[in-house]
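The lines below spell out each chain.
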Amino acid sequence: MSPSPLPADGSDPGSDPGPDPAAPRSPDATRRSDRSRRAILDAALELVGEVGYNKLTIEAIAARAGVGKQTIYRWWPSKAAVLLDASVALAGDASSDGAWTGFPDTGDLGADLKYVLRATVDEFADERYAAPARALMAAGATDPELGARFTEQLLEPQLALYEERLRSAREAGQLPPDTDLRLTVEMLLGPLTYRWLLRTAPLTHAYADALVDAVLGGGGAGWDKS
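Note that the structure is a prediction, hence the values are computed from the model and not measured.

Participant: Now, about the confidence of the model for the protein chain: what can you tell me, with residues and values included?
Facilitator: Scored by pLDDT, the protein chain has a mean of 83; 79% of the residues are at 70 or more. Residue range residues 1-19 is modelled with pLDDT below 50. Its contacts to residues more than four positions away, or to other chains, number four contacts.

Participant: Explain the environment of serine 78 to me, and be specific about the residues and the numbers.
Facilitator: Following the sequence through the fold, serine 78 ends up in the loop between helix H3 (69-75) and helix H4 (79-96). When its relative accessible area of 29% is taken as the criterion, serine 78 is described as partly exposed.

Participant: If you had to explain the packing of helix H6 (residues 127-142) against helix H8 (residues 181-198) to someone new, which residues and values would you point to?
Facilitator: Their axes nearest at 11 Å, the elements H6 and H8 cross at an angle of 95°. If you check the angle between H6 and H8, you find them roughly perpendicular. Contacts between H6 and H8 involve Ala130, Ala133, Arg134 and Met137 from the first element and Thr193, Trp196 and Leu197 from the second. In terms of residue class, the contact of H6 with H8 is built from five nonpolar, one polar and one charged.

Participant: Any details on the pattern of salt bridges? Residues and values, ideally.
Facilitator: The full count for this structure, using the stated rule, is 14 salt bridges. Here aspartate 213 and lysine 114 are joined by a salt bridge, their closest N and O atoms 3.0 Å apart. In this pair, aspartate 213 is assigned in helix H9 (residues 205-216) and lysine 114 in helix H5 (residues 109-125), connecting sequence segments 99 residues apart. Classification of aspartate 213 by relative accessible area gives partly exposed; the value is 32%. Arginine 128 is paired through a salt bridge with aspartate 126; the nearest N and O atoms lie 2.9 Å apart. Here the salt bridges do not stand alone but share partners, grouping Glu156, Glu163, Arg167 and Arg182 into one network.

Participant: Break down H9 for me, with residues and values.
Facilitator: Here H9 spans 17 Å end to end across 12 residues, near enough to the 16 Å set by a 1.5 Å rise per residue. Of the positions making up H9, those classed as buried are Tyr207, Ala208, Asp209, Leu211, Val212, Val215 and Leu216. The elements touched by buried residues of H9 are H5 and H8.

Participant: With reference to specific residues and values, describe H8.
Facilitator: The first and last C-alpha atoms of H8 sit 26 Å apart over 18 residues, in line with the 26 Å expected at 1.5 Å per residue. In the structure, H8 departs most strongly from a straight axis at leucine 189, where the bend amounts to approximately 30° and where the proline proline 191 lies between one and four residues downstream. Three or more residues of H8 are buried, namely Leu181, Thr184, Val185, Met187, Leu188, Leu189, Leu192, Arg195 and Trp196. Close packing links the buried residues of H8 with H5, H6, helix H7 (144-171) and H9. Structurally, the start of H8 carries an N-cap: the backbone nitrogen of arginine 182 is 3.3 Å from a side-chain oxygen of aspartate 180. Note on H8: the residue one or two positions beyond its end, arginine 199, has a positive phi of about 55°.

Participant: Any details on the packing of aromatic side chains? Residues and values, ideally.
Facilitator: Centre-to-centre distance and the angle between the planes together describe a pair of aromatic rings. According to the stated counting rule, one finds three aromatic pairs in the structure shown. For the pair phenylalanine 103 and tyrosine 162, a centre-to-centre distance of 5.1 Å together with 75° between the ring planes defines the contact as edge-to-face. Placement of the pair is phenylalanine 103 in the loop between H4 and H5 and tyrosine 162 in helix H7, with a sequence separation of 59 residues. There is no split in this pair, since phenylalanine 103 and tyrosine 162 are both buried. Seen in terms of ring centroids, phenylalanine 124 and tryptophan 196 are 4.1 Å apart; in terms of plane orientation they differ by 5°. Their pairing is stacked. Pair noted here: phenylalanine 124 is in helix H5 and tryptophan 196 is in helix H8, with a separation of 72 residues, a long-range link. Given the relative accessible area of 16%, phenylalanine 124 is considered buried. The positively charged end of arginine 74 is found above the aromatic ring belonging to tryptophan 75, 5.5 Å away from the centroid. One residue, arginine 195, lies across the ring of tyrosine 207, its end atom 3.6 Å from the ring centre.

Parameters at a glance
- Each chain has its residues counted from 1, following the order in which its sequence is written.
- Confidence filtering applies because this is a predicted model: local features only for residues at pLDDT of at least 70, side-chain atom pairs given and counted only at 80 or more, and all residues used for totals across whole chains, interfaces and linings.
- Hydrogens are left out, water is left out, and the side-chain values use all remaining heavy atoms of the structure.
- One confidence number per residue, pLDDT, is output by the predictor and ranges from 0 to 100.
- In this analysis, two residues are considered to be in contact whenever any of their non-hydrogen atoms come within 4.5 Å of each other.
- A run of H or I in DSSP counts as a helix once it spans at least four residues, and a run of E counts as a strand once it spans at least two, with each numbered from the N terminus.
- The classification of residues rests on relative accessible area computed with a 1.4 Å probe and restricted to protein chains. Under 20% of the type maximum is buried, over 50% is exposed, and intermediate values are partly exposed.
- Each axis is a line fitted through C-alpha atoms, taken for helices only over the stretch in contact, and angles between the N-to-C directions span 0 to 180 degrees.
- The labels follow the angle: roughly parallel below 35 degrees, roughly antiparallel above 145, roughly perpendicular from 65 to 115, and oblique for the rest.
- Gly falls in the polar group here, along with every residue not listed as nonpolar (Ala, Val, Leu, Ile, Met, Phe, Trp, Tyr, Cys, Pro) or charged (Asp, Glu, Lys, Arg).
- Just to be clear on terms, a salt bridge is a Lys or Arg side-chain nitrogen sitting within 4 Å of an Asp or Glu carboxyl oxygen.
- Under the convention used throughout, the expected extent of a helix is 1.5 Å for every residue step, that is, one less than its residue count.
- Bend, in this description, refers to the angle at a residue between axes fitted to the seven residues ending there and the seven starting there.
- Pairing of N or O atoms within 3.5 Å defines a polar contact, subject to two protein rules: one partner must be a possible hydrogen donor and the other a possible acceptor, and residues neighboring in sequence count only if both atoms are side-chain atoms.
- Only Phe, Tyr and Trp rings are paired, with Trp represented by its six-membered ring, and only when their centres lie within 6.5 Å; those with planes under 30 degrees apart are stacked, over 60 edge-to-face, the remainder tilted.
- We count a charge as sitting over a ring when the NZ of a lysine or the CZ of an arginine lies within 6 Å of the ring centre and within 35 degrees of the ring normal.

The following block contains the structure:
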């Protein structure tokens, strides 16, 4: 028996063509997609804290999230990319949950900086934040594209908040007009990050306070504490 002729477009009338990728997605499909995406991000954060970055795999993330690994590869090219988006989402959750309401501006620059640096110390002590951050820093050191995305999406927005607060202090006359804002931010966060990343000594609130006192006390930043 000879096969039936195919239509002019070459399609098989007896086959299931599947969903049209150009067709709009239904609200239910969108919700399922959003749930799957969030499950993947949550799984990546959980697993990197449990097994570390080196043992983290796309297969393990997929199994924990209850999706196929091809679903992950449809959205992300690598486990590092998944982890970066998971960290961005985690930072967004912290903001929406009220954990971060913006850099304080009480008029006392030293007190405001100590408040935020202490919160940073607490965040570095929380493995939900610390494990993915360490992993991304390590991966970014050998993957320039990932490192650039990490800087752009996670690091720069945080540095900008510090610069904005310092700019406000400079405009209020609390800092000299020629204060280098980025240099000052790096003088505050560089030693803190160094001690946390390399574990050279305990990371404490007292250390955070000492950093602020040293920088505002004229430790190269170019102003007089008084």
